[in-house]
Structures are given as structure tokens and as C-alpha cells.
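What follows is the residue order along each chain.
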Amino acid sequence: MGLGVYLYLISRHPKRNDRHWLRLTSFGILWFFITLSVESSVIPIRDIIFEHRVYLPSVGFFMALTGAIGAGMERWVERAVYAKAILYVMLTVMLALSGATYARNTVWKDSLSLWGDAAEGSPNKARAHYNLGMLIKLRAKSMMP
């Protein structure tokens with residue numbers, strides 16, 4: 001949080017060329033912590049680790065990352081080789097993450113694959129095994145003559 005406030009304060013200096021990048025980075029950092037605080041409150045939660053808890057805060061993380069990369073590219077603008085290298089690295093990472101997202105989304109094609117993946121990924125978690133068992137039992141009943 002302190003870094004976000006600090007970046008905002010130095011972005012107000014009129015002679016800074018990278019003011020817009022610093023403000024974007026500052027906003028992203030503050031967004032991350034403010035939206036994460038909703039999930040990290042004093043109200044007890046049943047499942048502590050859940051991927052959907054960081055969807056909204058991750059927007060701030062990627063804003064901050066984009067701002068930091070933009071500020072770095074602006075500094076190296078006279079060296080076109082560095083800017084192109086950063087651009088190619090970013091495109092490669094984007095393609096790799098897009099492929100991983102597509103592969104992960106195939107798990108959600110039906111309930112059986114979803115709960116099967118949950119049970120496989122959390123072998124000691126009773127809820128995933130219970131829901132998988134109930135789903136198999138339901139499907140077996142529906143196939144009976």
C-alpha cells in the first residue's frame with residue numbers, strides 16, 4: 001500500500017515524464033489491496049484458498065504490471081532493441097497464458113469432469129469426493145431402466 005501511495009505522490013511532480021505510468025501503477029497497487037481486503041476481512045470463510053477470490057484483485061495487479069512495463073519501455077524508447085524484446089516477451093507470455101486458460105476451461109465442460117478434477121487435485125478434501133460420488137450416483141440412477 002505504501003508503494004502505491006508513494007508512486008502517486010511522486011507522479012504529481014510536474015517534471016516527471018512518466019507520470020501517467022506511475023499513476024497507473026499506483027492505482028493498480030491500491031486497487032489490488034483494497035479489493036483483496038473484502039475477502040480478507042474478519043468474517044470467517046469456509047474455504048480459505050479459492051481461485052475466484054483473486055479475480056477482481058488481479059485486475060489491479062495487471063494494471064500495475066502494465067504501468068511498470070510501460071514506464072520501463074518509455075525509458076528505453078531510444079533503444080528500440082529493448083522495446084522490441086519486451087514486446088516479444090509479453091506476446092509470448094500472453095500466448096502461453098491463453099493456451100493454459102483454454103486447457104483449464106476444458107475441465108468445466110461438464111459436472112463430472114469438474115468434480116473429478118477437484119477430487120484429483122484435492123485428495124484429502126471430503127466435499128469434492130462427496131459431490132463426485134453423488135453425481136456418479138445420480139447418473140447411474142438416470143441410466144437404470
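From a predicted model like this one, the values you see are computed outputs, not experimental measurements.

Further remarks concern the overall build of the chain. Within the chain one finds six helices and zero strands. Walking the chain from its N terminus toward its C terminus, one meets helices and strands in the order α-α-α-α-α-α. What you see for the chain is a C-alpha radius of gyration of 22 Å, clearly larger than the 15 Å of a compact globule of 145 residues, by over 25%. With respect to the three principal axes, the spread of C-alpha positions in the chain is 80 × 40 × 25 Å. Counting the 145 residues in the chain, one finds 17% classified as buried.

A word on the side chain of serine 11. Within the secondary structure, serine 11 is located in helix α1 (residues 2-11). Classification of serine 11 by relative accessible area gives buried; the value is 0%.

For side chains of opposite charge, pairing can occur when their charged atoms come near one another. Within this structure, the stated rule accounts for one salt bridge. Across the salt bridge formed by aspartate 117 and arginine 104, the nearest N and O atoms sit 2.8 Å from each other. Of this pair, aspartate 117 sits in helix α5 (residues 111-121) while arginine 104 is found in helix α4 (residues 80-105), placing the two residues 13 residues apart along the sequence. Judged by its relative accessible area of 30%, aspartate 117 is partly exposed.

Quick look at the environment of methionine 134 now. As for its position among the elements, methionine 134 is in helix α6 (residues 126-143). On a C-alpha basis, the gap between methionine 134 and phenylalanine 61 in space is 38 Å, while along the polypeptide they are 73 residues apart.

We now examine the packing of α1 against helix α2 (residues 19-39). Contact geometry of α1 with α2 gives a least axis separation of 8 Å together with a crossing angle of 155°. Taken as axis vectors, α1 and α2 run roughly antiparallel relative to one another. When the axes of α1 and α2 are compared, the crossing they make is left-handed. From α1, Leu3, Gly4, Val5, Leu7, Tyr8, Ile10 and Ser11 reach across to α2, where they touch Arg19, Leu22, Arg23, Thr25, Ser26, Ile29 and Leu30. For the contact of α1 with α2, the class distribution of residues is eight nonpolar, four polar and two charged.

Another aspect to go through is the packing of aromatic side chains. Per the counting criterion, the structure on display carries three aromatic pairs. Taking the centre distance of 5.9 Å and the plane angle of 40° together, the rings of phenylalanine 27 and tryptophan 31 count as tilted. With a gap of four residues between them, phenylalanine 27 and tryptophan 31 both fall in helix α2, about one helical turn apart. On the basis of an interplanar angle of 85° and a centroid distance of 5.2 Å, the ring pair of phenylalanine 32 and phenylalanine 33 is categorised as edge-to-face. Among the residues examined, phenylalanine 32 registers a relative accessible area of 24% and is labelled partly exposed.

So, how was this worked out
- Residues numbered from 1 in each chain as written.
- Predicted model: local features only at pLDDT ≥ 70, side-chain atom pairs only at ≥ 80, totals over all residues.
- Heavy atoms only, no water.
- Helix = DSSP H or I, 4+ residues; strand = E, 2+ residues; numbered from the N terminus.
- Rg over C-alpha atoms; globule rule 2.2 N^0.38 Å.
- Buried < 20%, exposed > 50% of the residue type's maximum accessible area, 1.4 Å probe, protein only.
- Salt bridge = Lys/Arg side-chain N within 4 Å of Asp/Glu carboxyl O.
- Axes fitted to C-alpha atoms, helices over the stretch in contact; angles between N-to-C directions.
- Parallel < 35°, antiparallel > 145°, perpendicular 65-115°, else oblique.
- Left-handed = near helix turned anticlockwise from the far one by under 90°.
- Contact = heavy atoms within 4.5 Å.
- Nonpolar A, V, L, I, M, F, W, Y, C, P; charged D, E, K, R; others polar.
- Phe/Tyr/Trp six-rings, centres within 6.5 Å; stacked < 30°, edge-to-face > 60°.

The quantities given are spatial measurements derived from coordinates; they are silent on function.
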